[in-house]
Amino acid sequence: MRIDVLTLFPEMFEGVFGSSILGKARERGKVKLSTVNFRDFANNKHNTVDDTPYGGGGGMVLKPEPIFAAVESVIRSARVEEREGAEAEPGGEERADREEREEREEPHRESAPGEKDGRLSVEPSRSSPRIILMCPQGEPLTQAKVRELAAESHLVFICGHYEGFDERIREHLVTDELSIGDYVLTGGELPAMVVIDAVVRLLPGVLGNDQSAARDSFSDGLLEHPHYTRPPEFRGWKVPDVLLSGNHAEIDKWRRRQSLLRTAKRRPDLLRNAELTEQERRWLEEVQNGTNNEI
């Protein structure tokens, strides 16, 4: 996977991209992480990327020109890299030439208002990236959305500052708008880091144990069960006997029920869409009513 981040503050990502799981994934070649300062694409002598809003009002609005130009540059770079990689494979040069001819011969049309394709100076193709705008007005981030993005080969994140974006960026450039919560931050950099971390850890081979991601909270619509490790007793607090029993069927049953209980207590809203069996729903209702003490 390739991930590019458009930001005015690329230095904010240096520590995040070079540390922990992201740093290891980068070293192993599981993901390519890059930042682009879209101020470098400003088309004026002062390199300004924002301007006052039409109609008046406070704050400054990010201009469309540098952001469109930065995204187009990233897409061109990704296609060159993709083509060079394809040519290096057996029979790849011939295949790359054929795909390039197909893209050139495909008739171009102007898009209707509101459509994404045809608005970039770089023609859309089968390998066009998901272009993600981080903003408070976006779709709330969920684990389902993270899994969807993890299936892509190229993601481009746009991180803004100031009052907001020129609306034409939303209408004619981005494919997704994402929010990490109902609050406002100084810019889109921290939210982008959150999304990137969540996506990269789902890529095959990134985590030491692929089951770790499969059992995370929200992976099946529920919160995760409790975890314990050595020592078996600490300051009088003991690890549940079932976890020491070696009976994996009973352990799985205990973990599932703990997950149900924790979700019911802390995030009952998640249960509405969770995939539960009738037996699980009945058991949970009995426990909550006090008619079943079997945990």
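Here's what I pulled together on the structure shown here. Everything numeric in this text was worked out from a predicted model, so none of it was measured.

## Describing unusual backbone geometry
Here the amide bond leading from Arg230 into Pro231 is cis, since omega sits at 5°, within 30 degrees of zero. As for its position among the elements, Pro231 is in the loop between α8 (210-214) and β9 (233-234). At Ser20, a position not held by glycine, the phi torsion is positive, near 55°. Mapped onto the fold, Ser20 is located in helix α2 (residues 20-27). If you check the backbone angles, Asn47 has positive phi at about 55° while not being a glycine. Examined against the element boundaries, Asn47 turns out to sit in the loop between β2 (32-37) and β3 (50-51).

## Things to note about the sheet that holds strand β5 (residues 130-140)
The sheet built from five strands is open, its strands ordered β2-β1-β6-β5-β8 with parallel pairing. Looking at which strands have only one partner, the edges of the open sheet turn out to be β2 and β8 (176-179). This sheet shows a mean twist of 30° between the axes of neighbouring strands, independent of strand direction. Pairing between strand β1 (residues 2-7) and strand β6 (residues 154-159): five bridges, direction parallel. Note that in β6 the partner of Asp4 across the bridge is Val156. Packed onto the sheet, helix α7 (residues 189-200) meets β1, β2, β5, β6 and β8 and runs at close to 160° relative to β6.

## Observations regarding the layout of surface pockets
Considered as a void within the structure, the second largest pocket measures approximately 370 Å³ in volume. If you go around the second largest pocket, you meet 22 residues; those closest to its centre are Met134, Cys135, Pro136, Val184 and Leu185. At the level of secondary structure, the elements contributing two or more residues to the lining of the second largest pocket comprise β5, β7 (164-165) and β8. Considered class by class, the residues forming the lining of the second largest pocket number 11 nonpolar, nine polar and two charged.

## Here we look at the environment of Arg256
Topologically, Arg256 is positioned in helix α10 (residues 248-266). When the C-alpha atoms of Arg256 and Glu280 are compared, they prove to be 9.4 Å apart, with 24 residues separating the residues in sequence. If we ignore the near neighbours within four places in the chain, the residues touching Arg256 are Asp220, Leu222, Glu275, Leu276 and Glu280. Reaching out from Arg256, the side chain makes a polar contact with the side chain of Asp220 at a distance of 3.2 Å.

## Some words on the sheet that holds β7
Spatially, three strands are ordered β3-β4-β7 in an open sheet, and the strand pairing comes out mixed. Edge positions in the open sheet fall to β3 and β7, since each of these has one partner strand only. Bridge count between β3 and strand β4 (residues 61-62): two bridges; the pairing is antiparallel. Following the sheet pairing, Asp51 is matched in β4 by Val61.

## So, the environment of Glu275
Looking at the secondary structure, you find Glu275 in the loop between α10 and α11 (278-289). Here Glu275 falls in the exposed class, since its relative accessible area comes to 72%. For the pair Glu275 and Gly221, spaced 54 residues apart in the sequence, the C-alpha separation amounts to 7.4 Å. Each residue touching Glu275, except ones within four places of it in the same chain, is listed here: Arg256 and Glu280.

## A short note on a nonpolar patch on the surface
A cluster of nonpolar side chains, contributed by Met12, Tyr183, Leu185 and Leu190, occupies part of the molecular surface with about 360 Å² of accessible area. Structurally, Leu190 is set in helix α7. Classification of Leu190 by relative accessible area gives partly exposed; the value is 47%.

## Description of the environment of Phe17
Residue placement: Phe17 occurs in helix α1 (residues 14-17). Sequence separation between Phe17 and Asp197 is 180 residues, and the spatial gap between their C-alpha atoms is 9.1 Å. With residues near it in sequence (within four places) discarded, Phe17 still touches Val5, Leu22, Gly23, Arg26, Leu33, Ser34, Thr35 and Ile196.

## Concerning the pairing of β5
Alignment of β5 against β6, held across five bridges, turns out to be parallel. Across the sheet, residue Met134 finds its bridge partner in β6, namely Cys159. Tracing the backbone out of β5, into helix α5 (residues 143-150) and back to the parallel element β6 gives a crossover that is right-handed.

## Here's the deal with the packing of aromatic side chains
Under the criterion given, the structure shown has two aromatic pairs. An angle of 45° between the planes, with centres 5.3 Å apart, marks the rings of Phe13 and Phe17 as tilted. Classification of Phe17 by relative accessible area gives buried; the value is 3%. When the centroid spacing of 6.0 Å and the interplanar angle of 50° are considered together, the rings of Phe234 and Trp237 count as tilted. Since its relative accessible area comes to 60%, Trp237 is described here as exposed.

Calculation criteria
- Within each chain, residue numbers correspond to sequence positions counted from 1 in written order.
- Given that the model is predicted, a residue must reach a pLDDT of at least 70 before its local features are reported, and side-chain atom pairs must reach 80 or more before they are shown or counted; all residues, however, enter totals for whole chains, interfaces and linings.
- Side-chain measures were taken over the full set of non-hydrogen atoms in the model, leaving aside hydrogen atoms and water.
- Only runs of H or I of at least four residues qualify as helices and only runs of E of at least two qualify as strands under DSSP, and these elements are numbered from the N terminus.
- DSSP bridges decide pairing: two strands pair if at least two such bridges lie between them.
- Angles here are taken between N-to-C directions and fall from 0 to 180 degrees, while the axes themselves are lines fitted to C-alpha atoms, restricted in helices to the stretch in contact.
- Two residues form a contact once any of their heavy atoms are found within 4.5 Å.
- Points on a 1 Å grid over protein atoms alone make up a cavity when a 1.4 Å probe fits among them but cannot get out, and a pocket when they form an open set with protein on both sides within 12 Å along at least five of seven lines; lining residues each have an atom within 4 Å of a point.
- Grid points are joined across faces, edges and corners, and a volume is the space filled by probe spheres set on the points.
- When residue character is reported, Ala, Val, Leu, Ile, Met, Phe, Trp, Tyr, Cys and Pro are called nonpolar, Asp, Glu, Lys and Arg charged, and the others, Gly included, polar.
- Any pair of nitrogen or oxygen atoms within 3.5 Å is treated as a polar contact; in protein, a donor-acceptor pairing is required on top of that, and neighbouring residues in sequence qualify only through side-chain atoms on both sides.
- Here's how the labels work: a residue is buried when its accessible area is under 20% of the maximum for its type, exposed when over 50%, partly exposed in between, all with a 1.4 Å probe on protein chains only.
- Every patch collects residues that have over 30% relative accessible area and no salt bridge, joining them within 9 Å if they carry like charges and within 5 Å if they are nonpolar side chains (Val, Leu, Ile, Met, Phe, Trp, Tyr).
- Each accessible area is a Shrake-Rupley estimate made with a 1.4 Å probe; only the visible protein chains count as cover when residues are assessed.
- One side-chain nitrogen of Lys or Arg within 4 Å of one carboxyl oxygen of Asp or Glu is enough to make a salt bridge.
- By the criterion used throughout, a crossover qualifies as right-handed when its path from the first strand across the helix to the second strand runs clockwise, the strands pointing away from the viewer.
- Two aromatic rings, drawn from Phe, Tyr or Trp (for Trp, its six-membered ring), form a pair once their centres lie within 6.5 Å of each other, and the interplanar angle then sorts them: stacked below 30 degrees, edge-to-face above 60, tilted otherwise.

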